[in-house]
Amino acid sequence: MKHTIENERIILTIDDHGAELTGLYDKNNSRELVWGADPKFWKRHAPILFPNVGKHNGLEYRTDGKAYHIGQHGFARDRDFQLISEDPSRIRHRLVSDSQTHESYPYDFALDVTHEMLDSGIKVIWDVKNTGDETMYFTIGGHPAFNLPDYKQKEDFQVCIPDRAVLECQKLNLETGTALADITEIPLKDHILPLSDDLFAEDALVLDDGQVTEAVLQTADGQDIIKIVTENFPNYGIWSVKDAPFVCLEPWCGRCDDYSFNGELKDKKGINSVKPGEVFHKEYEIYLPK
């Protein structure tokens, strides 16, 4: 079931399935900003990636000496969340661990996802509570896809990343979906990353070390489409598909495994941990143009 709230500027729609943002309508510019999930290109809108971002090496990880199999980006995006509350300014959903999640992820948790209205945007809030009796380990990320309006080609669009002159991108092994040690540097002229299909020829741009705290999707002549503010996120992804009229701007807390990593989950690079009874909290904002 989908839930819709609105203010003078925005119509916001959230689906119980995956607690996924499926609509962010800009009333001033009469356009939908969230990708419509056309399966010809990509069947999702803005999935939540939990309990893993990207792939584990061999789609398998180990914790306390036991191996578990789990697919790319985890299971939260494919589960129905419970609607906890809905009012004119926010919608809150929850996913709780159960026998099905324990098959691929042994920890007990409650994942709350809140979408909160702002005057000219929204705030996305994640709260991961450890409801078990041992420290839990996970990565979590967003994967929002934004429409490229009046699309003809990606070269008509760009992403402005303030305060960055160069992006240092983690190269990927395409067969395993894991990160190589090599880094590719992409120079930015006046903080601008021009978009093209060639930019994504080797999958997503994977950015570590908190390189992106703000990104503005623009037309090539500098007209703002949407801004995403992601302070204190250590990892980030930028991704699209050939000929597709969207681009994903993805704040992550953690990413795929390093190539050939076979250690314990707790030793994975960028892993998050929460002690019993504690809560991991993270939030980011999406703003419409002024």
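Refer to the structure above for everything that follows.
Residues numbered from 1 in each chain as written. Predicted model: local features only at pLDDT ≥ 70, side-chain atom pairs only at ≥ 80, totals over all residues. Heavy atoms only, no water.

**Structural notes on the overall build of the protein**
The number of helices and strands found in the protein is 1 helix and 25 strands. For 290 residues, the compact-globule estimate of 2.2 N^0.38 gives 19 Å, and the protein sits close to it at 18 Å. Summed over its atoms, the accessible surface of the protein is roughly 12,900 Å², and 44% of this surface lies on carbon and sulfur atoms. (Helix = DSSP H or I, 4+ residues; strand = E, 2+ residues; numbered from the N terminus. Rg over C-alpha atoms; globule rule 2.2 N^0.38 Å. Areas by Shrake-Rupley, 256 points an atom, 1.4 Å probe, with all protein chains shown as cover.)

**Remarks on the packing of aromatic side chains**
Under the definition given, this model contains 20 aromatic pairs. Ring pairing ties together the aromatic residues F50, F75, Y105, Y107, F109, Y137, F138 and F280, which thus form one cluster. The ring centre of Y287 lies 5.5 Å from the NZ or CZ of K227, which sits over that ring. The aromatic ring of F233 is capped on one face by K282, whose charged end is 5.4 Å from the ring centroid. (Phe/Tyr/Trp six-rings, centres within 6.5 Å; stacked < 30°, edge-to-face > 60°. Lys NZ or Arg CZ within 6 Å of the ring centre and 35° of its normal.)

**Re the pairing of strand β11 (residues 121-130)**
By the criterion of burial, β11 is predominantly enclosed, with 9 of the 10 residues buried. Sheet analysis places strand β10 (residues 109-118) next to β11, joined by 10 bridges and oriented antiparallel. What sits directly across from H115, in β11, is V124. As paired strands, β11 and strand β25 (residues 279-287) are joined by 9 bridges and run antiparallel to one another. Within β25, the residue paired with I125 across the bridge is E283. (Buried < 20%, exposed > 50% of the residue type's maximum accessible area, 1.4 Å probe, protein only. Pairing = 2+ DSSP bridges.)

**Remarks on the nonpolar core**
L24, F50, L111, L217 and I238 are the most contacted members of the largest nonpolar core, which totals 68 residues. With sequence-adjacent residues up to four places away left out, L24 is seen in contact with I10, I11, L12, R31, E32, L33, V34, I122, I226, I286 and L288. In terms of nonpolar packing, the next biggest core, distinct from the first, is built from 15 residues, L172, W239, A244 and F246 among them. (Core = buried A, V, L, I, M, F, W, Y, C linked by side-chain atoms within 4.5 Å. Contact = heavy atoms within 4.5 Å.)

**Re empty space enclosed by the protein**
Tallied over the entire structure, the rule returns 2 cavities of 30 Å³ or more. Approximately 80 Å³ is the volume found for the largest cavity. Every residue lining the largest cavity is listed: A19, L21, A46, P47, I48, H115, V124, W126, G142, H143, P144 and Y284. Grouping the constituent residues of the lining of the largest cavity by class yields 9 nonpolar, 3 polar and no charged. Of the volumes computed, that of the second largest cavity is approximately 50 Å³. Lining the second largest cavity we find P51, N52, H56, Y61, I70, Y105, Y137, T139, L265, K268 and I271. Residue composition of the lining of the second largest cavity, grouped by class: 7 nonpolar, 3 polar and 1 charged. (1 Å grid on protein atoms, 1.4 Å probe; cavity = no way out; pocket = protein on both sides within 12 Å on 5 of 7 lines; lining within 4 Å. Points joined across faces, edges and corners; volume = space filled by probe spheres on them. Nonpolar A, V, L, I, M, F, W, Y, C, P; charged D, E, K, R; others polar.)

**A closer look at the sheet that holds strand β4 (residues 31-32)**
Pairing in this open sheet of 4 strands is antiparallel, and the strands run β1-β2-β3-β4 from one edge to the other. The two strands at the open ends of the sheet, each matched to only one other strand, are β1 (2-6) and β4. As defined by bridge partners, strand β2 (residues 10-15) adjoins strand β3 (residues 20-26) across 6 bridges and the pair is classed as antiparallel. Opposite D15, over in β3, you have E20 as the bridge partner.

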